[in-house]
Amino acid sequence: MDAMFTKASTVSLIALFGTLLVIAVAAIGILGIRSATYQGKVIAGGELDTAVATNQLARETDAAYATGETALRAADPATRTRLLGTLDASLLPGIDAQLSLLQQLHVGDPPAELADLALFIRQWDAIRDRLSAPGLTAQPPAALAVLAGGLTAAYQPVSAHLDRLILKELGDARTDHAAAAAAADRATRLILGTAAAGIALAWLCLWYEVRRTRRSLEPGQDQAEFADILQLANGEDEAHQLLQRHLERTLPATAAVVLNRNNSADRLEAVTPLPPGSPLVGTLRGAEPRSCLAVRSGQMHTENGRRPPLLSCLVCGPVPGASSCVPLMVGGEVIGSVLLSRPAPYSAAEEQRIRESVSQAAPVLANLRNLAVAEIRAATDGLTGLPNKRAVTDALKRTFAQAAMTKSPLGLLLLDLDHFKQVNDQHGHGAGDQVLASVGAALRSVLRVRDFAGRYGGEEFAILLPDTDIAAALQIAERVRATIAEVTLPGTDVAVTVSVGVAGFPDHASTLERLERLADAALYVAKRQGRDRVELASADAGHDFPGSVLPEATVNGPGPGPGPGTVPVPVPVPRGLTHAPDGPQVGEGRPGDRGAQVGGAGRATGA
């Protein structure tokens, strides 16, 4: 849709500016043509007419002069009379008419040209007076010869003046013609220049408009890209980083921080990295959600760094420059906020873009958070707070694969509460639940950060010890046993103890199945040796299929067993049986009996 809109806008702009360009060029061309036409008319109607009239005047004056001179030199009176009559009747009136026309043609000429024409007229009037003087026919031949000589002398400057007038008119015609050509050239250059300028202006406007259109589309394209990528987020942390990166990419010189509302701890925490030297390091230390005005009001809170607000935010108030904090709201509930800061305040369009981005991210973050909570709950035992059996199985596979790949040691501890069935029978299932919860808390308190503990069955637990050799695993197992032995139930005399079986990779087993089987066998030995003790698996134990006999076991902990040293234990270990040959009760709770539970969590029938 955006591409189509861009294309349509581009085509419209090209058509618009092309039309304007054609109109401009056509208008300038018409003006140029009219100007050239006008100049042509001036030449044709002015100088040409004047030159023609001047030439005609020259011919007529020459004819009049020749006729007059011939008449004055004629010996025959009749011929003289006839020639002088022709002068008076036609030649001289014609010259007068031609002079009148020439004066009309010179109307509007410069004063110098008019004065020159007036001088010629005066000179011609003198000649005319000689040719039309009365009594010429009665003059004697000698006098007429003198008059003819005077006429010739007087006519020479008139003829020269007339030649100058003709040359002057021809020169003016050439000048006007050159001016017209120059005007046509100027008009041509003007048209070409205007066309080039119009084309350049059209392309400049087109480039600017396309760029402006693309810029107006960029926020929408960025929002669409952000919405699509946000759907691919693997978890809440990645979605937080995507939101931060999107805002910092689309808003110049912006530092964005996503804040999470931790309801369980009543804290407002930064879930994306803080800028170096940011005052948020101090303001977020121990900050409650209500410390953020955006979270408290459910609306955007802005501080521009110029005018102090009536109520300053305790979180973003110390941030230098201008800041805008937008709440992350889903279904009317605020789950956090997004704080943006930079030296210059945000414009209204940028604030709208911020709101749109946060509004797009909020439901995705809420869904990812709910999904993470659901996954945690699905993998967590509700009574002990430890991972449940499914999570334990997954952790076993994952941790063992990591240990095998890195060739690092791994310890596995299997725990089973002693006489747990008696606690349920004598004190009720509520007491049994309390024991399980207390054991879960004890395991969380005694183990290291990298260790993993989970509930493996009714009263059974599994502990994974990454990067831990056999000696350290035995020490941790003993510490776990001692810590659980300190668990008490107020108002009862219940003694809580646990039997522990220990096996290690790669010392005892090279596969996960064998590692579990050996730890299971060691736990069974701990049960047989008196409970409340730790037993280490033997590399030969459980090598054969169920039905084999366990080797001698070492007693590593206190209990009512036969005493220190090694004790032969010729007990068959058929995995999955509900009793042993020497008489444990049904449902004793061995790791092989994980299905022997009654009534759900905390209601197993172990011994």
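This text goes with the structure placed above it.
Residues numbered from 1 in each chain as written. Predicted model: local features only at pLDDT ≥ 70, side-chain atom pairs only at ≥ 80, totals over all residues. Heavy atoms only, no water.

Student: Whenever I open this one, the overall build of the protein confuses me. Can you help?
Tutor: Tallying secondary structure elements over the protein gives 13 helices and twelve strands in all. Residues classed as buried in the protein amount to 43% of the 607 residues present. Counting only contacts in the protein whose residues sit at least 6 apart along the sequence, the fraction spanning at least 24 positions is 65%. On the protein, roughly 30800 Å² of surface is accessible, and the fraction owed to carbon and sulfur atoms is 59%. (Helix = DSSP H or I, 4+ residues; strand = E, 2+ residues; numbered from the N terminus. Buried < 20%, exposed > 50% of the residue type's maximum accessible area, 1.4 Å probe, protein only. Contact = heavy atoms within 4.5 Å. Areas by Shrake-Rupley, 256 points an atom, 1.4 Å probe, with all protein chains shown as cover.)

Student: Can you help me understand the sheet that holds strand 10 (residues 534-536) in this one?
Tutor: Sheet strands pair by backbone hydrogen bonding; their relative direction is either parallel or antiparallel. One open sheet accounts for five strands, arranged 7-8-6-9-10; its pairing is mixed. The sheet is open, and its two edges are formed by strand 7 (452-455) and strand 10, each paired on a single side. Each strand axis lies, on average, 20° off the axis of its neighbour in the sheet, ignoring direction. Pairing between strand 7 and strand 8 (residues 460-466): four bridges, direction antiparallel. Bridge pairing in strand 8 places Ala-453 opposite Ile-463. Together, strand 6 (410-417), strand 9 (498-505) and strand 10 form the strand contacts of helix 13 (residues 512-528), whose direction differs from that of strand 9 by roughly 150°. (Pairing = 2+ DSSP bridges. Axes fitted to C-alpha atoms, helices over the stretch in contact; angles between N-to-C directions.)

Student: I keep staring at the nonpolar core and nothing clicks. Help me out?
Tutor: Leu-415, Leu-417, Leu-443, Ile-463, Val-480 and Ile-484 are the most contacted members of the largest nonpolar core, which totals 31 residues. Those elements that place two or more of their residues in this core are strand 6, helix 10 (420-427), helix 11 (429-446), strand 8, helix 12 (470-485) and strand 9. In this structure, Ala-71, Leu-99, Ile-121 and Leu-151 belong to the second largest nonpolar core, which totals 30 residues. (Core = buried A, V, L, I, M, F, W, Y, C linked by side-chain atoms within 4.5 Å.)

Student: Sorry if this is basic, but what is going on with the environment of Ala-322 here?
Tutor: Among the secondary structure elements, Ala-322 is positioned in strand 4 (residues 322-330). In this structure, the C-alpha to C-alpha distance between Ala-322 and Tyr-346, residues 24 residues apart in sequence, is 7.6 Å. With near-sequence residues (within four places) excluded, Ala-322 lies in contact with Glu-303, Asn-304, Leu-340, Ser-341, Arg-342, Pro-343, Ala-344, Pro-345 and Tyr-346.

Student: What am I meant to see in the pattern of salt bridges here?
Tutor: Side chains that differ in sign of charge can pair as their charged atoms come close. Scanning the entire structure with this criterion turns up 14 salt bridges. Here Asp-96 ties to Arg-128 by a salt bridge, and the two come within 2.9 Å at their closest N and O atoms. Of the two residues, Asp-96 is situated in helix 2 (residues 77-105) and Arg-128 in helix 3 (residues 111-131); the sequence distance between them amounts to 32 residues. Residue Arg-128 is classed as partly exposed on the basis of its relative accessible area of 24%. Salt-bridge contacts for Asp-222 lead to Arg-249; the nearest nitrogen and oxygen are separated by 3.9 Å. You can see Asp-222 sitting in helix 4 (residues 141-230) and its partner Arg-249 sitting in helix 5 (residues 236-250), a full 27 residues away along the chain. Among the ionic contacts, a cluster of salt bridges with common partners joins Asp-222, Glu-225 and Arg-249. (Salt bridge = Lys/Arg side-chain N within 4 Å of Asp/Glu carboxyl O.)

Student: So what exactly am I meant to see when it comes to unusual backbone geometry here?
Tutor: Generally, phi is negative for residues other than glycine and the peptide bonds are trans, each holding for most cases. Looking along the chain, the bond that leaves Phe-505 and enters Pro-506 is cis, with omega of 10°. By the element assignment, Pro-506 lies in the loop between strand 9 and helix 13. A positive phi angle, close to 55°, is found at His-419, a residue other than glycine. Here His-419 is to be found in the loop between strand 6 and helix 10.

Student: So what exactly am I meant to see when it comes to the side chain of Ser-499 here?
Tutor: Within the fold, Ser-499 resides in strand 9. A distance of 2.7 Å separates a polar atom in the side chain of Ser-499 from a polar atom in the side chain of Asp-418. Polar side-chain contacts of Ser-499 include one of 3.4 Å to the backbone nitrogen of Asp-532. Filtering out sequence-adjacent residues up to four positions away, Ser-499 remains in contact with Leu-414, Leu-415, Asp-416, Asp-418, Leu-523, Ala-526, Lys-527, Arg-531, Asp-532 and Arg-533. (Polar contact = N/O pair within 3.5 Å; in protein donor to acceptor, adjacent residues only side chain to side chain.)

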